[in-house]
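Architecture at a glance
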Amino acid sequence: MFSLNGSSIWNNPLYGVSKSLTQSAQKHKSAPPLVVAAVSSNARPRDGNVLAVENTLKEVTANAPSTSSSGIAKDSNTSVAGGVEDVYGEDTATEDQFITPWTVSVASGYPLLRDPRYNKGLAFSDKRGMLTFYAVYFLQWLSAKISRYMAMMDLQERNERLFYKLLIDNVEELLPVVYTPTVGEACQKYGSIFRQPQGLFISLKEKGKILEVLKNWPEKKIQVIVVTDGERILGLGDLGCQGMGIPVGKLSLYTALGGIRPSACLPVTIDVGTNNEQLLHDEFYIGLRRKRATGQEYAELMDEFMSAVKQQYGEKVLIQFEDFANHNAFDLLEKYGSTHLVFNDDIQGTASVVLAGLMSALNLVGGTLAEHRFLFLGAGEAGTGIAELIALEMSKQTGAPLEETRKKIWLVDSKGLIVRSRIDSLQHFKRPWAHEHEPVKNLLDAVKAIRPTVLIGSSGAGRTFTKEVVEAMASYNEKPVILALSNPTSQSECTAEEAYKWSEGRVIFASGSPFAPVEYNGKLYASGQANNAYIFPGFGLGLIISGAIRVHDDMLLAASEALATQVSQENLNNGLIYPPFANIRKISAHIAARVAAKAYELGTVVLRSYNVLNLQESL
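Just so it is clear, the structure is predicted and the values come from calculations on it, not from any experiment.

Remarks on the packing of helix H5 (residues 145-158) against helix H6 (residues 160-169)
In contact at an axis separation of 5 Å, H5 and H6 are set at 135 degrees when each is read in the N-to-C sense. When the interaxial angle is binned, H5 and H6 end up oblique. Only Glu160, Leu162, Phe163, Tyr164 and Leu166 of H6 make contact with H5, whose side of the interface consists of Met152, Met153, Leu155, Gln156 and Arg158. Residues of the contact of H5 with H6, tallied by class, amount to 7 nonpolar, 1 polar and 2 charged.

What follows is the structure, encoded as structure tokens:
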């Protein structure tokens, strides 16, 4: 089977090691001396990430409903299987323990040096830390981003501890390497740069045997699954099973930014073929060489997968959908949202991070959300997902019906402005945005007709925010808000330099891919990055520690509000509507606490080992 190895890591109390290893060590007390790899949180009894959660919880639990209320009381005899259990001793830990029970791993000799979960290379004994220095030096020496990506993936397979240490300590520099934008190129070249499998591939050939396949996966305590079918990888289209780079990259961030144990993460690619002719004729393509399955054949395979996951891992395992095509993404979320703990990062994660950025931007442009007009280029998963969450937040703030707040938001697709006269030809997820207006064929004319205060790009089409479009936005607004969200960099609607130059330095700008600071008229402008990594690691962590079994829109709103509060006045003074990534672990902890509190408030949890009041100790 294909395996992403688990790990026990030094400085996050959610990391863990196999219980069987500890039991084995206890049984063989007469064995030769063992090397014990046990490291605390940077030689401190408590981690800053934990303190951030604790401090936030002191605020959010004050008004939290009693845990004895119906449906959310702690019950060790609950019939719901899976999810978080006290396998690693979290519930027995105390705050004054120097080394917590789940950060101790025992191994020796050759297995210790060959197992990436426990090998520390030159970091053993008096050489601790030297390997980190060599790894950073080597990565800086590599010039091509794809070479850095390959080096990081090799490191993850060889020395998982060092991989996460490196990523955590250098997150701003390495996030674009292990994820967007570099992961897009890695997916395109996946067959050529393939080293060894890092996740689980489930193809049509496994139909009828998916549960058996999952049972063969070596890790049994899975808490998060990121799954894709590779049909819409970023803005690059159908890459088939080469889209595995997405689940692997997302789960690396779940660990580095959110603190989920690597052994509790499962990357999955559903291989139903590809419609990419180039890949079908590529000798290095590793997937099924057939056209994509559709209709009943596709639905039956996905249904078997979802049922098998629930049967094997329980109701509290989080299933995150990634990079499914529009027609499947909305259907899967609607179909399984009421029966599984599911989350679509393209629809919901993007919406949450963008809403947070808009809340921050209001501090610079003034007014409330309801007082602004929004125009989207792109009416797919991301565009309609963002639009819906903005409308929900406006409805929450004003008390107006959702149907009314939607009228503040306009969308442009490939055929022009979405208007009422087109409703019969529109896909179901576009219909709520069909307002009364005469037809408009292109974006520039739509900007002139709607005069939006906020322009958001989620089209996947590069360089579509032209000079004329940006200048028109600047002519109607003293401080136009422009978000060019499409990934990778080549698909961004405009660059940061173009936005600042064409708006004469007045734009409030953020993008999906990172851009370097821009100098204009002697002033340096640092643009923000509306990266989903701000949201999904903390959001997922909040779901897991709360024991939630369903995702609710109010949880997404809570995550957005939590992220927006992390933007300092200094950030705003520099034109940034997102906080620095250097603080991402504390940000994730803050979001997790708010999401967990909201889950309890909504009563969407089935508890086994956790509740709000003992969350400090369990972390």
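Some words on the UniProt feature "active site" (unreviewed entry) in the protein
Within this structure's numbering, the places UniProt gives as "active site" (unreviewed entry) are Tyr179 and Lys250. In summary, the annotated positions, though distributed over 72 residues, converge in three dimensions, the widest C-alpha pair being only 7.4 Å. Within the element layout of this structure, Tyr179 appears in the loop between helix H7 (171-178) and helix H8 (182-188). Given the relative accessible area of 6%, Tyr179 is considered buried.

Brief notes about the pairing of strand S11 (residues 454-457)
Alternating residues of S11 divide into Val454 and Ile456 and Leu455 and Gly457, and every residue in both groups is buried. Pairing between strand S8 (residues 374-377) and S11: 4 bridges, direction parallel. Across the sheet, Phe376 pairs through a bridge with Ile456, a residue of S11. Taken together, the 4 bridges between S11 and strand S12 (residues 481-484) define a ladder with parallel strand orientation. Paired with Val454 across the bridge in S12 is Val481.

Considering the nonpolar core
Counting residues in hydrophobic clusters, the biggest one holds 113 residues, and the most contacted among them are Leu358, Ile390, Ile409, Ile456 and Phe539. Considering each element in turn, this core owes the most residues, 10 residues, to helix H15 (residues 345-365). Discounting chain neighbours no more than four positions away, the residues touching Ile456 are Val354, Leu358, Leu375, Phe376, Leu377, Ile386, Ile390, Phe465, Leu483 and Leu485. Within the second largest apolar cluster, 36 residues are counted, among which are Leu266, Leu288, Met302 and Phe429.

A closer look at helix H18 (residues 443-450)
Those residues of H18 not exposed but buried are Leu443, Ala446, Val447 and Ile450. Projected down its long axis, H18 shows its buried positions confined to an angular sector of 100 degrees, all on one face. Those residues of H18 that are buried are in contact with S8, strand S9 (409-413), strand S10 (416-417), S11 and helix H19 (467-476). Capping the start of H18, Asn442 holds a side-chain oxygen 3.3 Å from the backbone nitrogen of Leu444, two or three residues further along. Downstream of H18 by a residue or two, Arg451 has a phi angle that is positive, lying close to 50 degrees.

Let's talk about the packing of aromatic side chains
Across all of its chains, the model carries 10 aromatic pairs by this definition. Each ring, one from Phe321 and one from Phe324, has its centre 5.6 Å from the other, and the planes form 85 degrees; the classification is edge-to-face. On the basis of relative accessibility, which here comes to 0%, the residue Phe321 falls in the buried class. Judged by its relative accessible area of 0%, Phe324 is buried. Considering the side-chain rings of Tyr534 and Phe581, the 4.3 Å spacing of their centres and the 20 degrees angle between planes classify their relative orientation as stacked. Of this pair, Tyr534 sits in the loop between strand S16 (528-529) and helix H21 (536-546) while Phe581 sits in the loop between helix H23 (569-573) and helix H24 (584-602), and the two are 47 residues apart along the sequence. Phe581 matches Tyr534 in its accessibility class, with the two residues each being buried. Each residue in the set Tyr500, Phe509 and Tyr525 is aromatic and connected to the rest through ring pairs, giving one cluster. Over the face of the ring belonging to Trp433 we find Arg406, whose NZ or CZ atom lies 5.7 Å from the ring centre.

Quick word on the pattern of salt bridges
Under the definition given, this model contains 24 salt bridges. Ionic pairing is found between Asp169 and Lys165, a salt bridge with its closest N-O pair at 2.8 Å. You can see Asp169 and its partner Lys165 sitting in helix H6, 4 residues apart, about one turn around the helix. Residue Asp169 is classed as partly exposed on the basis of its relative accessible area, which comes to 43%. The partly exposed category is assigned to Lys165, whose relative accessible area is 22%. Put simply, Glu381 and Arg232 hold a salt bridge, and the shortest N to O gap is 3.1 Å. Taken together, the residues span a long stretch of sequence, with Glu381 in helix H16 (residues 381-398) and Arg232 in the loop between strand S4 (224-228) and helix H11 (245-258) at a distance of 149 residues. Assessed through its relative accessible area of 2%, Glu381 is described here as buried. Each of the salt bridges in this network shares a partner with another, and the network as a whole consists of Arg232, Asp323, Asp346 and Glu381.

Describing the side chain of Arg550
Position of Arg550 among the secondary structure elements: in the loop between H21 and helix H22 (553-564). A polar contact is formed between the side chain of Arg550 and the side chain of Glu315, at a distance of 2.9 Å. Excluding residues that lie within four positions of it along the chain, Arg550 makes contacts with Glu315, Gly337, Ser338, Thr339, His340, Leu341, Met555 and Thr604.

Overview of the sheet that holds S16
In space, the 7 strands of this open sheet follow the order S10-S9-S8-S11-S12-S13-S16, with mixed pairing throughout. Only two strands of the sheet have a single neighbouring strand rather than two, namely S10 and S16. Along the sheet, H16 makes contact with S8, S9 and S11, crossing S9 at roughly 175 degrees.

Re unusual backbone geometry
Cis geometry is found at the peptide bond from Thr180 to Pro181, where omega equals 5 degrees. Mapped onto the elements, Pro181 comes out in the loop between H7 and H8. Of note, the amide linkage connecting Asn487 to Pro488 takes the cis form, showing an omega dihedral of -10 degrees. Here Pro488 is to be found in the loop between S12 and helix H20 (496-502). Phi at Leu234 is positive, roughly 50 degrees, even though this residue is not glycine. One can find Leu234 in the loop between S4 and H11. Residue class for Leu234 comes out buried when judged on its relative accessible area of 12%.

Cut-offs applied
- Residues numbered from 1 in each chain as written.
- Predicted model: local features only at pLDDT ≥ 70, side-chain atom pairs only at ≥ 80, totals over all residues.
- Heavy atoms only, no water.
- Axes fitted to C-alpha atoms, helices over the stretch in contact; angles between N-to-C directions.
- Helix = DSSP H or I, 4+ residues; strand = E, 2+ residues; numbered from the N terminus.
- Parallel < 35°, antiparallel > 145°, perpendicular 65-115°, else oblique.
- Contact = heavy atoms within 4.5 Å.
- Nonpolar A, V, L, I, M, F, W, Y, C, P; charged D, E, K, R; others polar.
- UniProt positions renumbered as here; feature names shortened; annotations may be inferred.
- Buried < 20%, exposed > 50% of the residue type's maximum accessible area, 1.4 Å probe, protein only.
- Pairing = 2+ DSSP bridges.
- Core = buried A, V, L, I, M, F, W, Y, C linked by side-chain atoms within 4.5 Å.
- Arc of directions from axis to C-beta.
- Polar contact = N/O pair within 3.5 Å; in protein donor to acceptor, adjacent residues only side chain to side chain.
- Phe/Tyr/Trp six-rings, centres within 6.5 Å; stacked < 30°, edge-to-face > 60°.
- Lys NZ or Arg CZ within 6 Å of the ring centre and 35° of its normal.
- Salt bridge = Lys/Arg side-chain N within 4 Å of Asp/Glu carboxyl O.

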